[in-house]
Amino acid sequence: MKTIVHLSDLHFGRVDYKRIKPLVTLLQKIDPELIVISGDFTQRAKEEEFIEAKKFIEDLKKPLFVVPGNHDIPLYNIYRRFRSPFKKYLKFISSDLSPYYQDKDIAILGINSVRRFTISSGRISKKQIKEAESRLEKLDDKILKIIVCHHPFDLPIKKDTHHKHTHKVVARSKLVIKKFSKYKVDVFLSGHLHLQHVGDTTIRYKIKDFQSLIVQAGTAISIRRRGEPVSFNVLKLTKEKITVETFAGNHNESTYENIFTETFFKTSEGWRKNISQVN
Ligand SMILES: [Fe+2]
Ligand SMILES: [Fe+2]
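So, here's what we can say about the structure. (Residues numbered from 1 in each chain as written. Chains lettered and ligands numbered in written order. Predicted model: local features only at pLDDT ≥ 70, side-chain atom pairs only at ≥ 80, totals over all residues. Heavy atoms only, no water.)

Observations regarding the pattern of salt bridges
So, step 1. Under the counting rule described, the total for this entry stands at 20 salt bridges.
So, step 2. One salt bridge in this structure joins D105 and K2, with 3.5 Å as the shortest N-O distance. You can see D105 sitting in the loop between β4 (100-102) and β5 (106-111) and its partner K2 sitting in strand β1 (residues 2-7), a full 103 residues away along the chain.
So, step 3. By relative accessible area, which is 14% here, K2 ends up buried.
So, step 4. Salt bridges linked by common partners bring K2, D103, K104, D105 and K239 together as one network. (Salt bridge = Lys/Arg side-chain N within 4 Å of Asp/Glu carboxyl O. Helix = DSSP H or I, 4+ residues; strand = E, 2+ residues; numbered from the N terminus. Buried < 20%, exposed > 50% of the residue type's maximum accessible area, 1.4 Å probe, protein only.)

And the structure:
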């Protein structure tokens, strides 16, 4: 079994500092093989924010798999935004905007959905789809395949009417899911909405004999909240079963608690939720 922690939307510059220590302590206890962070490390892509974010991710002392978010490129410095949007991200967080990880059990592909022209919404290009496909087509069927992208592939049906207009799935998500269904991608991990959500591809995408998980992490430590507490997810993965444990910050701010767990089982049509309970 592989344990992967999924954090998102740290937003250094708008961080609830008292959350950091309990989170780092708990993550050491959970002891995952890998920590995925799906973007928005900073609030305004300022150097001092990136320095704080870098310290935080180093303190985790775990292998990391990261992609940038729309807040990791400058908003107001137009010159920098157009000429070298990822300069500070590349310097402080990761030198790879399209990371790839593979071992004998899992493959993880990072897709950079951040676009300098569209301030907040994201897009995946046809070239990126092709590049991902060339990796996916080489993978053995038995390898679990995970896609990480800042912008979401699904939207939670809940709360936050105030931000409803900004809630969009990543552009070309339909094409991406359709193309990737050929390679039986197992899990899509995203952030951006600051809303936790565990779903699957069936309702939005309806592809025959294909059902994969769509897991959305909330903000792990930011005060930029959309009506729900800080949270993160822990994925426990085997070839037959995936559990997603959601941890949320508790009221006395001393720790994060496992508030619910969703279990999925592999079937011939893909991943099915709690199939053991269906009769
Ligand atoms: Fe964010
Ligand atoms: Fe974002």
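Concerning the coordination of the iron ion (ligand 1)
So, step 1. Here the iron ion (ligand 1) is held by D9 (OD), H11 (NE2), D40 (OD) and H194 (NE2), and the distances to it run 2.0 to 2.2 Å.
So, step 2. One way to put it: the 4 donor atoms around the iron ion (ligand 1) meet at angles of 87 to 178°, and that makes the site irregular.
So, step 3. All donor residues of the iron ion (ligand 1) come from one chain, and their arrangement in sequence is D-x1-H-x28-D-x153-H.
So, step 4. In this structure the iron ion (ligand 2) is found 3.4 Å away from the iron ion (ligand 1), and D40 serves as a bridging donor for the pair. (Donors = N, O, S within 2.8 Å, 3.2 Å for Na, K, Ca; no water. Tetrahedral: all angles 85-135°; square planar, octahedral: opposite > 155°, others 65-115°.)

A short note on helix α1 (residues 20-30)
So, step 1. Considered for burial, the residues of α1 that qualify are I20, P22, L23, V24, L26, L27 and I30.
So, step 2. With its phi angle positive at about 55°, D31 sits one or two positions after the end of α1.

What to know about the environment of L97
So, step 1. Within the secondary structure layout, L97 lies in the loop between α4 (87-92) and β4.
So, step 2. Sequence separation between L97 and L60 is 37 residues; the distance between their C-alpha atoms is 21 Å.
So, step 3. Those residues in contact with L97 that lie beyond four places of it in its chain are P68, F86, Y89, L90 and N112. (Contact = heavy atoms within 4.5 Å.)

Overview of the packing of aromatic side chains
So, step 1. Going through the model one piece at a time under the given rule, you end up with 6 aromatic pairs.
So, step 2. Judged by centre distance (5.7 Å) and plane angle (50°), the ring pair of F12 and F56 falls under tilted. Taken together, the residues span a long stretch of sequence, with F12 in the loop between β1 and α1 and F56 in helix α2 (residues 47-59) at a distance of 44 residues. For the pair shown, F12 and F56 are each scored as buried.
So, step 3. Aromatic pair F232 and F247: ring centres 5.2 Å apart, planes at 5°, arrangement stacked. In this pair, F232 is assigned in strand β10 (residues 231-237) and F247 in strand β11 (residues 241-249), connecting sequence segments 15 residues apart.
So, step 4. Exposure remark for F232: the relative accessible area of 0% places this residue in the buried category.
So, step 5. Through pairs of rings, three or more aromatic residues link up here, namely F232, F247 and Y256.
So, step 6. Just above the ring of Y256 sits the side chain of R19; from NZ or CZ to the centre is 5.7 Å.
So, step 7. Sitting above the plane of the Y100 ring, R135 keeps its charged end 4.2 Å from the centroid. (Phe/Tyr/Trp six-rings, centres within 6.5 Å; stacked < 30°, edge-to-face > 60°. Lys NZ or Arg CZ within 6 Å of the ring centre and 35° of its normal.)

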